[in-house]
Every structure is written in structure tokens, then in C-alpha cells.
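Structure assessment
Residues per chain, in single letters:
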Amino acid sequence: MRVAEFELPGWSNLVYENDLLVVLGTYGTVAFLVYFPLGVLVPALRPWAAAASICFHVSIAFFMGLTGFALTMIACDLVFLSGALDRALLWVRARVPGPRTPQPDDTESPDLSTAEPPGGERETRTTVPTVEPV
């Protein structure tokens, strides 16, 4: 933060002149970097590891001005949250009142024979097309 290219004018000096913030930032960074792989490997810890990583990279963007790097890393961190975000979105949708898509009655079973498969293709191709030489 003391390098002129990576400082936030007016704020960086307030951070690196405060001993407590320097110690917390240094040990917090080391702890994050050491335990992040464990947080990624244990599924229950993934949301916490991703949240810590997002906070870490937001602070890099704010205090060092490396916004491109920080946004790229935050986008990579969201990969770890994709399953949790899907579950949270479903939970919110189930509890928030609002317009909903019409649901079929529970008594009727949907006719799946006429439904299109995902991807919009009706048939799967079992043979490889051949190309005639010109």
C-alpha cells in the first residue's frame, strides 16, 4: 500500500500508519491464504470461503486500485457459490409473494411425450454424418 501505483490517496496512509490495522490485515491475509483450500474442499465451508475471498478481493480493489484483478477473482469465487446461490434463490422465490408462472394441478399428470427435451432438439443423432470429397 505504500507503493505510489497501488495506493488510495488519503486512505492508504491511514491504514498503514495504524499498527492494529496492519497486524490484522497481515495475519488475516495469511490465515485466509492458508485455509482457503480447506474451505473449498469441504462443501459446508464453501460459502464461508467464498465470502471471505470476496471480501479479500473487494479490499484489494478499494485500497490498492486493482479493480480489474479484483473483479476477475470475485467472478471466479462465485463458481464456489453457484449451488448455494441456486438453493438460496429457490428459497427466496418460495417465500416472496408475487406473480408466479401457472403451475399444473397436482391431480393432473403432465403429458411428457409431447414435451421438448432441454436444448430444443427433438431427436438425438446416432450416426455420424459423412462428408463426400469434392
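Residues numbered from 1 in each chain as written. Predicted model: local features only at pLDDT ≥ 70, side-chain atom pairs only at ≥ 80, totals over all residues. Heavy atoms only, no water.

What follows covers the overall build of the protein. Helix and strand counts for the protein come out as 5 helices and 0 strands. In sequence order, the secondary structure elements of the protein are arranged as α-α-α-α-α. Relative to its full complement of 134 residues, the protein shows a buried share of 13%. Intrachain contacts of the protein at a sequence separation of at least 6 include 42% that bridge at least 24 residues. Taken as a whole, the protein presents about 11200 Å² of accessible surface, with 66% of it coming from carbon and sulfur. (Helix = DSSP H or I, 4+ residues; strand = E, 2+ residues; numbered from the N terminus. Buried < 20%, exposed > 50% of the residue type's maximum accessible area, 1.4 Å probe, protein only. Contact = heavy atoms within 4.5 Å. Areas by Shrake-Rupley, 256 points an atom, 1.4 Å probe, with all protein chains shown as cover.)

The next point concerns a nonpolar patch on the surface. On the surface, Val-30, Val-34, Tyr-35, Leu-38, Leu-41, Val-42, Leu-45 and Trp-48 cluster together into a nonpolar patch covering about 850 Å² of accessible area. Looking at which element gives the most residues to the nonpolar patch, the answer is helix H2 (residues 19-41), with 5 residues. Mapped onto the secondary structure, Leu-45 falls in the loop between H2 and helix H3 (46-64). (Patch = residues over 30% accessible without salt bridge, like charges linked within 9 Å, V, L, I, M, F, W, Y side chains within 5 Å. Salt bridge = Lys/Arg side-chain N within 4 Å of Asp/Glu carboxyl O.)

Across the protein, the average pLDDT comes to 76, with 72% of residues at or above 70. At the level of individual helices and strands, the protein shows its lowest average pLDDT in helix H5 (residues 82-95), which scores 79, and its highest in helix H4 (residues 67-77), which scores 90. In this model, residues 117-122 is a region of pLDDT below 50 whose contacts with residues beyond four sequence positions or in other chains number 3 contacts. (pLDDT = per-residue confidence, 0-100.)

Turning to the nonpolar core, a few remarks are in order. Core analysis: the biggest nonpolar cluster contains 6 residues, these being Phe-32, Phe-36, Val-40, Ala-49, Phe-56 and Ile-60. Of all the secondary structure elements, the ones that give two or more residues to this core are H2 and H3. (Core = buried A, V, L, I, M, F, W, Y, C linked by side-chain atoms within 4.5 Å.)

On to H4, then. When H4 is considered as a whole, its buried residues turn out to be Ala-70, Ile-74 and Asp-77. Looking straight down H4, one finds its buried side chains confined to an arc of 55°; they lie on one side. Lining the buried residues of H4 we find H2 and H3. (Arc of directions from axis to C-beta.)

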